Amino acid sequence: MKLTISYNCENLIRLENTLATSGVNFLFTTRLAILPEHLSPELYIPTISTLGEQYVYDTALRQSCVYQPDNDSLNMLTRVLLGKIPKNQLRSFEWAHNYAIEPRTFTKLVQCHEDSLQRLYITSRNGCWEEIVPVAGLQTLSVDSWFSNSFEARLVAKNRVTLRDLTISLESFLIDNIVYSDRFNSREHIVTSFRFCKRLSEYADPTDYLIPVLNLEKLKIKGLDLRILPNFAFQPLTDLAGLKSLTFESCCGLSDALRQMAWKFGDTIINNLPNLSSLTVRHEQEQSEGPQSAWSLRHFLCNLTPLKTLRVLLSGREYYFGNLRDILKVHGATLQTLVWDERQCQRLTLDNNPLVIRSDAGRLPVIVEFCPNLIELGIPIRWDDGPDVPVEGHKVHIFGLLQHLPRLRTLNIRNSPSMVFSPITEMLLPISATLRTLADDFVLHATRAQILSGSPPQLRVIGLGALTHRDVWDGSVVYGATGLDDLLRLRVWAIDYPKNARGIPTPLLTLVANGYPGNVGKEISEHMSIFEPYWLS
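Just so it is clear, the structure is predicted and the values come from calculations on it, not from any experiment.

A. Examining helix H1 (residues 12-20) more closely. Listed as buried for H1 are Leu 12, Leu 15 and Leu 19. Down the axis of H1, the buried side of the element spans an arc of 60°, and every buried residue falls inside it. In this fold, the buried residues of H1 make contact with strand S1 (2-5) and helix H2 (68-84).

Written as structure tokens, this is what we have:
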């Protein structure tokens, strides 16, 4: 059961009416999610600068106000709902709203469903949690917090035997640091990370500090200092050998941690992650960092066993990663999902495209050479012609390369072309129409060879643009919408191939997401994981 609540809780009355209706029962409810109602892009507040220029980046990020009576009402109604669901029936509880869950609501959850709950996801909390008793028996846990008290450590420690999937996050802290203040305060990340590990070691079994606290299969870390993983001052966080999926997003200490997890000693590769099949890394380069994170990531990837999923987002003016050939020699044959996106900085104007790789077709030639089994691919490309354009032309070259990926079902071009617009040209040819034309052109040429050969085209989804934090949490962060926002916003189209009058399949695109694509159902495609990684700004 999913309850989507608008960011200002205007639709709480619907939930209240549902609970008051005697004919509604919850006999079969096993999942409950309190989610933000994602806004239609048309509802974003428009922003025009004082100079009258419409197409500039809107730096005014406004956190939506939390109205305390509404916060209280949402929690109260949630407690009523938890009591109406048969006792110990709820297996999954998710609170992903910008309005915070209160200690009383969590206590009600534990009282009613402690024995059945297996998955817990909380993004925002308020009140005092020091005395709150954590729930036990969880298999999946995700908590976003500033680690201001001991609750998170007690919660993880109490579930150390059963826990298999853990997300520990400082994302709200990251947004304050990077988006609002335009800085990355690594010292604060170090302090909070080691405070958490110290508390976790205290609450876990202290008999042997060499035994990892957890035995996870999936681990996602957002905004912490990664040196907590190989650190020997406390118990190791988890047994690395059991991990199948690993995600690092906006973490400091990346270089040090990677060197401890997989490295080469002479001719011998030492890999502490032998079962890893999925890796996601998002890293924003610090000013004092230099290129060492890119070097460490390169060596780390070359020393891993072949992956099935690899998603990498790198941001920094000196973040030149070099050729992917050595990495794809290791992973290319097994990769089914690949996202590789590098940028110098955040895009701030319509006519600027801060690509790191500006050669013709970018990373695509080496990807096509080594990754024949890709099902999902997300990369940026250079849209304009340059001095190194092949004889057949820039676009034709890219389309020809894509035809060598016969299993590709989902394609995400993660950047939009440079454009020069004015209010007059926007009236004649809106940005949305321009991007739709680009998508049509892409699909038509990328599938031409399969159609002409009589083979059924495999490409079923195409996306233009990349997600940002705003798109994922547009129910809780309100931005002004500018022409640049509209250009960069992710658009996703589903592709069908109805036959024309001559019996030839012809691509037909249907827009299924304009912004956050999380509501796109599996009936459209089961291959949507390339749209999950997002930039903070």
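What follows continues from the structure just given.
B. Summary view of empty space enclosed by the protein. Across all of its chains, the model carries five cavities of 30 Å³ or more by this definition. Empty space within the second largest cavity amounts to approximately 110 Å³. Leu 402, Gln 403, Leu 405, Pro 406, Leu 408, Leu 411, Ala 446, Thr 447, Gln 450, Gln 458 and Leu 459 are the residues that line the second largest cavity. Across the lining of the second largest cavity, the residue classes break down as seven nonpolar, four polar and no charged.

C. Representation of the side chain of Glu 376 in the model. Examined against the element boundaries, Glu 376 turns out to sit in strand S16 (residues 376-379). Although Glu 376 lies buried, it forms no salt bridge, and the closest oppositely charged side chain, Arg 311, sits 7.0 Å away as judged by the N-O distance. A distance of 3.2 Å separates the side chain of Glu 376 from the backbone nitrogen of Ile 530, its partner in a polar contact. With near-sequence residues (within four places) excluded, Glu 376 lies in contact with Gln 336, Thr 337, Leu 338, Leu 408, Thr 410, His 527, Met 528, Ser 529 and Ile 530.

D. Highlighting the packing of aromatic side chains. For the structure on display, the rule yields four aromatic pairs. Both rings, one in Phe 399 and one in Phe 442, keep their centres 5.2 Å apart while their planes meet at 90°; by these two values the pair is edge-to-face. One end of the pair, Phe 399, is in helix H11 (residues 394-402); the other, Phe 442, is in helix H13 (residues 431-446), and 43 residues separate them in sequence. Assessed through its relative accessible area of 4%, Phe 442 is described here as buried. Put simply, the rings of Phe 106, Trp 129 and Phe 151 pair up and form one aromatic cluster. Sitting above the plane of the Tyr 534 ring, Arg 282 keeps its charged end 5.2 Å from the centroid. Looking at Arg 343, its charged tip hangs above the ring of Trp 535, at a distance of 4.0 Å from the centre.

E. Summary view of the environment of Ile 190. Topologically, Ile 190 is positioned in helix H6 (residues 186-203). Once the C-alpha coordinates of Ile 190 and Gly 253 are considered, the two residues, 63 residues apart in sequence, prove to be 8.6 Å apart. Sequence-distant contacts of Ile 190, that is, excluding residues within four places in its chain, are made with Asp 225, Arg 227 and Cys 252.

F. Structural detail: the pattern of salt bridges. Inspection of the entire model under this criterion finds 13 salt bridges. One salt bridge connects Lys 222 with Glu 171, and the closest N-O pair in it is separated by 3.8 Å. In this pair, Lys 222 sits in strand S9 (residues 218-222) while Glu 171 sits in helix H5 (residues 171-180), placing the two residues 51 residues apart along the sequence. Each member of the pair Lys 222 and Glu 171 is classed as buried. Taking the shortest distance from any N to any O, the salt bridge between Glu 532 and Arg 311 comes out at 2.9 Å. Of the two residues, Glu 532 is situated in the loop between strand S22 (508-514) and strand S23 (534-535) and Arg 311 in strand S14 (residues 309-315); the sequence distance between them amounts to 221 residues. Judged by relative accessible area, Glu 532 falls into the partly exposed class, the value being 48%.

Rules of the game
- Residues numbered from 1 in each chain as written.
- Predicted model: local features only at pLDDT ≥ 70, side-chain atom pairs only at ≥ 80, totals over all residues.
- Heavy atoms only, no water.
- Buried < 20%, exposed > 50% of the residue type's maximum accessible area, 1.4 Å probe, protein only.
- Helix = DSSP H or I, 4+ residues; strand = E, 2+ residues; numbered from the N terminus.
- Arc of directions from axis to C-beta.
- Contact = heavy atoms within 4.5 Å.
- 1 Å grid on protein atoms, 1.4 Å probe; cavity = no way out; pocket = protein on both sides within 12 Å on 5 of 7 lines; lining within 4 Å.
- Points joined across faces, edges and corners; volume = space filled by probe spheres on them.
- Nonpolar A, V, L, I, M, F, W, Y, C, P; charged D, E, K, R; others polar.
- Lys, Arg positive; Asp, Glu negative; His and termini not counted.
- Salt bridge = Lys/Arg side-chain N within 4 Å of Asp/Glu carboxyl O.
- Polar contact = N/O pair within 3.5 Å; in protein donor to acceptor, adjacent residues only side chain to side chain.
- Phe/Tyr/Trp six-rings, centres within 6.5 Å; stacked < 30°, edge-to-face > 60°.
- Lys NZ or Arg CZ within 6 Å of the ring centre and 35° of its normal.

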